[in-house]
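Residue-level structure breakdown
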Amino acid sequence: MFDTLLVSTGVVAIAEMGDKTQLLSLILAARFRRPLPIVAGIFVATVLNHFAAAWIGQQVAGLISADILRWIVGLGFLAIAAWALVPDKISEEESQVKPYGAFVATTIAFFFAEIGDKTQIATVALALKYTPLWQVVMGTTIGMMLANVPAVYLGRWIAERMHLLQMIRFVAAGIFAILGLLALTGAAG
């Protein structure tokens, strides 16, 4: 009954490990030292961004055949697997925090950092394959929160162990590759 929610949560939580928005969480936590408004900003930005991505994914899904959809989703997950192997870096422009409050700065920074990011692309791919829309959006949002809230609260500890997040990228790439192959062979869902 909640397969879509669980799959969406797992896919995005894994994809987010070591992602630039997780690095942004560390920067925001160090800058503002106010975790609750930062977490609230991450939540609002993610819901808005992922709702738009999932809505687009479901609109496109209704326009194409199941066979073509299977290839798009499968190749999309394989592309995300390859992308996961590339270490994310946050640019100087992205790391600059505007002089707004923690909530507004986080919401704006996160929303724009997610545009074109692998977790947003994963959300589109999930929405192509899974329904209902609210479970995709809620699942991807929960996945983002699972990856980013610890970065906000445990920023210093995580920063000292960034090498572990780099290893997780390889695990994430493997999982996305398996999902892509399962989709291509028709074994997934």
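The name an unreviewed UniProt entry gives the protein is GDT1 family protein, with Deefgea salmonis as the organism. The record in UniProt for the protein states the following under Sequence similarities (unreviewed entry): "Belongs to the GDT1 family." Note on the protein: under the UniProt heading Subcellular location (unreviewed entry), the record states "Membrane".

As for the packing of aromatic side chains
Overall, the coordinates contain two aromatic pairs when judged by the stated rule. Seen from their ring centres, Phe2 and Trp134 are 6.3 Å apart, and the 80° between their planes marks the pair as edge-to-face. Of the two residues, Phe2 is situated in the segment before α1 (3-16) and Trp134 in helix α8 (residues 133-153); the sequence distance between them amounts to 132 residues. Geometrically, the ring pair formed by Phe111 and Phe112 is edge-to-face, given 5.5 Å between the ring centres and 90° between the ring planes. On the accessibility criterion, Phe111 (26% relative accessible area) is partly exposed.

Concerning the packing of helix α2 (residues 20-32) against α8
The axes of two packed helices give the description: the angle between them and the distance between them. One way to put it is that α2 packs onto α8 with a least axis distance of 8 Å and a crossing angle of 30°. Judged by the twist between their axes, the crossing of α2 over α8 is right-handed. Together, Thr21, Gln22, Ser25, Leu26 and Ala29 of α2 and Met144, Ala147, Asn148, Ala151 and Val152 of α8 make up the contact between the two elements. Looking at the contact of α2 with α8, its residues break down into six nonpolar, four polar and no charged.

Description of the UniProt feature "transmembrane region" (unreviewed entry) in the protein
Per the UniProt record, "transmembrane region" (unreviewed entry) is annotated on residues 36-56, 68-85, 97-113, 133-155 and 167-188. The distance from the first to the last C-alpha atom of residues 36-56 is 30 Å, and the span holds 100% helix and 0% strand.

Overview of the side chain of Thr9
Assignment of secondary structure puts Thr9 in helix α1. Of the polar contacts made by the side chain of Thr9, one reaches the backbone oxygen of Leu5; its length is 2.8 Å. Leave out the neighbours within four places in its chain, and Thr9 touches Gly139, Thr140, Ile142, Gly143 and Leu146.

Some words on the environment of Trp55
Along the chain, Trp55 falls in helix α3 (residues 35-61). In this structure Trp55 comes out as partly exposed when scored by relative accessible area, which is 45%.

A word on a nonpolar patch on the surface
Taken together, the side chains of Phe2, Leu6, Trp134, Met138, Ile142 and Leu146 define a hydrophobic patch exposed on the protein surface, amounting to about 600 Å² of accessible area. It is α8 that provides the largest number of residues to the nonpolar patch, a total of four residues. Note that Leu146 resides in helix α8.

As for the environment of Ala177
Looking at the element boundaries, Ala177 is found in helix α10 (residues 162-185). Of the residues examined, Ala177 reaches a relative accessible area of 23% and is grouped as partly exposed. Dropping the residues within four chain positions of it, Ala177 is found in contact with Leu78 and Ala81.

So, how was this worked out
- Residues numbered from 1 in each chain as written.
- Predicted model: local features only at pLDDT ≥ 70, side-chain atom pairs only at ≥ 80, totals over all residues.
- Heavy atoms only, no water.
- UniProt positions renumbered as here; feature names shortened; annotations may be inferred.
- Phe/Tyr/Trp six-rings, centres within 6.5 Å; stacked < 30°, edge-to-face > 60°.
- Helix = DSSP H or I, 4+ residues; strand = E, 2+ residues; numbered from the N terminus.
- Buried < 20%, exposed > 50% of the residue type's maximum accessible area, 1.4 Å probe, protein only.
- Axes fitted to C-alpha atoms, helices over the stretch in contact; angles between N-to-C directions.
- Left-handed = near helix turned anticlockwise from the far one by under 90°.
- Contact = heavy atoms within 4.5 Å.
- Nonpolar A, V, L, I, M, F, W, Y, C, P; charged D, E, K, R; others polar.
- Polar contact = N/O pair within 3.5 Å; in protein donor to acceptor, adjacent residues only side chain to side chain.
- Patch = residues over 30% accessible without salt bridge, like charges linked within 9 Å, V, L, I, M, F, W, Y side chains within 5 Å.
- Areas by Shrake-Rupley, 256 points an atom, 1.4 Å probe, with all protein chains shown as cover.
- Salt bridge = Lys/Arg side-chain N within 4 Å of Asp/Glu carboxyl O.

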